[in-house]
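Notes for the structure review
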Amino acid sequence: MPAGRYAPSPTGSLHLGNLRTALVAWLAARATDRAFLLRVEDLDRVRSGAEADQRADLAAVGLDWDAEPVRQSERTALYDAAVAALRAAHGTDAVYECFCSRKDIAEATSAPHPRPDDGAPASGGTVPLRPPGFYPGTCRGLTEAERAERRRVRPAALRIDAAKVAGLPAGEIPRATAVDVLHGEVTGLVDDLVLRRNDGAYAYNLAVVVDDLAQGVDQVVRGDDLLDSAPRQRWLAEALCAARGEPTPAVEYLHVPLVLNTEGRRLAKRDGAVTLKDLAAQDPAWTPERVRDRLLESLGLPAGPLAAAVPAFDPAALPRVPWVFTGL
């Protein structure tokens, strides 16, 4: 069954920005007769008790979900199988060991290059520059002896050789396009993405793609700070489906503007009373229902139970600018 989802990381309590995006995800799924799933993205650091607190807060503002939530930490076998499928389809060196630190990559990409750009020209002859942090391929061609030497110093991450998997000449950079309801076509370059980090945990880009495919998620709603991830993830989904001999399902993306504080920065728990618990402690009049109504108002939707807002929900009519939180 087609599905939408909300996928928080259990690192702490949800703030108003998180809850607002969760409301949009739930409304988008319900308005299109999709199942709504909750996924716990716990591959990174986890705060004890945060998952239970987050579930309680989501339920308090009216969200429900149609299946027992899954945890990424329990799905390692699926991610192992995805890497194995890519290697089986494109050769063992299609996924290679990388020993670079973030500092190494930053220094490599900030250094002068003989060519100012990479990849084939886009329409009109424009060739995009490498974005900051774009992986320059440092470890792609290491010999086995060089890899063995580096393993003694630093554990290896795993990266995908994007050019090889895309069937391009070595060193070429693929580009991919995703279509977003609010932003239209979004095109980006695809570097050699990290599939597994050097601490052994699978990386966000791989895990989210594998999980969305496995769970039938064809509607992705999240904050627009992740908009530039969509083309890369779309490309990886296509590569993985091709490796498995499966068609790539269509996906509807909806990246919603963030909630900002009064200084124009992304809202965070450090901004004070921005969680349900803190708001209620500051003023008992701020019940979860009242907070829900304020969030719906910020989206241009009628107050009241969420089910009543479903008929009025139109993703194309959502605000296209951030909501600046000045207090409830």
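Predicted, not measured: the structure shown is a model, and the values here were computed from it. (Residues numbered from 1 in each chain as written. Predicted model: local features only at pLDDT ≥ 70, side-chain atom pairs only at ≥ 80, totals over all residues. Heavy atoms only, no water.)

When its secondary structure is counted, the chain shows 11 helices and 12 strands. By the compact-globule yardstick of 20 Å for 328 residues, the chain fits well, its C-alpha radius of gyration being 21 Å. Across its three principal directions, the C-alpha atoms of the chain cover 65 × 45 × 40 Å. Approximately 15,400 Å² of the chain is accessible, and the part contributed by carbon and sulfur atoms is 52%. Side-chain charges in the chain split into 39 positive and 45 negative, and the spacing between the mean points of these groups amounts to 3 Å. (Helix = DSSP H or I, 4+ residues; strand = E, 2+ residues; numbered from the N terminus. Rg over C-alpha atoms; globule rule 2.2 N^0.38 Å. Areas by Shrake-Rupley, 256 points an atom, 1.4 Å probe, with all protein chains shown as cover. Lys, Arg positive; Asp, Glu negative; His and termini not counted. Charge placed at Lys NZ, Arg CZ, Asp CG, Glu CD.)

The geometry of an aromatic ring pair is captured by two quantities: the separation of the ring centres and the angle between the planes. Per the counting criterion, the structure on display carries two aromatic pairs. For the pair Trp 323 and Phe 325, a centre-to-centre distance of 6.0 Å together with 70° between the ring planes defines the contact as edge-to-face. Its relative accessible area of 10% is what places Phe 325 among the buried residues. A cation over an aromatic ring shows up here: Arg 159 above the ring of Tyr 135, its NZ or CZ 3.7 Å from the ring centre. Positioned above the aromatic ring of Trp 286 is the side chain of Arg 290, whose terminal nitrogen or guanidinium carbon lies 3.7 Å from the ring centre. (Phe/Tyr/Trp six-rings, centres within 6.5 Å; stacked < 30°, edge-to-face > 60°. Buried < 20%, exposed > 50% of the residue type's maximum accessible area, 1.4 Å probe, protein only. Lys NZ or Arg CZ within 6 Å of the ring centre and 35° of its normal.)

The subject of this paragraph is the nonpolar core. Formed by 40 residues in total, the largest nonpolar core has its most connected members in Tyr 6, Val 24, Leu 27, Leu 58 and Leu 63. Secondary-structure elements contributing two or more residues to this core are α1 (16–31), β2 (35–40), β10 (252–256), α9 (276–282), α10 (288–298) and α11 (306–309). Of the residues forming this core, the biggest block, 10 residues, is contributed by α1. The contact partners of Val 24, leaving out residues within four places of it in the chain, are Val 221, Leu 254, Val 256, Leu 299, Phe 313 and Leu 318. Residues Tyr 79, Ala 82, Val 83 and Ala 94 belong to the second largest nonpolar core, which totals 27 residues. (Core = buried A, V, L, I, M, F, W, Y, C linked by side-chain atoms within 4.5 Å. Contact = heavy atoms within 4.5 Å.)

In this section: the environment of Ala 22. Of note, Ala 22 is situated in helix α1. Take Ala 22: its relative accessible area is 0%, and that puts it in the buried class.

The three strands lie next to each other as β4-β5-β8, forming an open sheet whose pairing is antiparallel. Edge positions in the open sheet fall to β4 (95–98) and β8 (194–196), since each of these has one partner strand only. In this sheet, adjacent strand axes meet at a mean angle of 45° when their direction is disregarded. Inspection of the sheet shows β4 paired to strand β5 (residues 157–160) by four bridges, in the antiparallel sense. Across the sheet, residue Val 95 finds its bridge partner in β5, namely Ile 160. (Pairing = 2+ DSSP bridges. Axes fitted to C-alpha atoms, helices over the stretch in contact; angles between N-to-C directions.)

Looking now at the confidence of the model for the chain. Looking at the chain, the pLDDT average stands at 91 and 92% of residues meet or exceed 70. Low pLDDT (under 50) marks residues 113–129, which in the prediction has 22 contacts with non-local residues, meaning those over four places away or in another chain. (pLDDT = per-residue confidence, 0-100.)

Turning our eyes to something else, we now look at helix α8 (residues 229–244). Look at α8: 22 Å from first C-alpha to last across 16 residues, which is about the 22 Å you get at 1.5 Å a residue. When α8 is considered as a whole, its buried residues turn out to be Ser 229, Ala 230, Pro 231, Gln 233, Arg 234, Trp 235, Leu 236, Ala 237, Ala 239, Leu 240 and Cys 241. Of the residues flanking the end of α8, it is Gly 245, one or two places downstream, whose phi is positive at about 75°. (Expected span 1.5 Å × (residues − 1).)

Taken as a whole and assessed by the stated rule, the structure comprises 28 salt bridges. With a shortest N-O distance of 3.4 Å, Glu 74 and Arg 71 are connected by a salt bridge. Of the charged contacts in the structure, one is a salt bridge between Arg 292 and Asp 293, with a shortest N-O distance of 3.0 Å. Here the salt bridges share partners, and the residues they tie into one network are Arg 5, Arg 39, Glu 41, Arg 75, Asp 211 and Asp 212. (Salt bridge = Lys/Arg side-chain N within 4 Å of Asp/Glu carboxyl O.)

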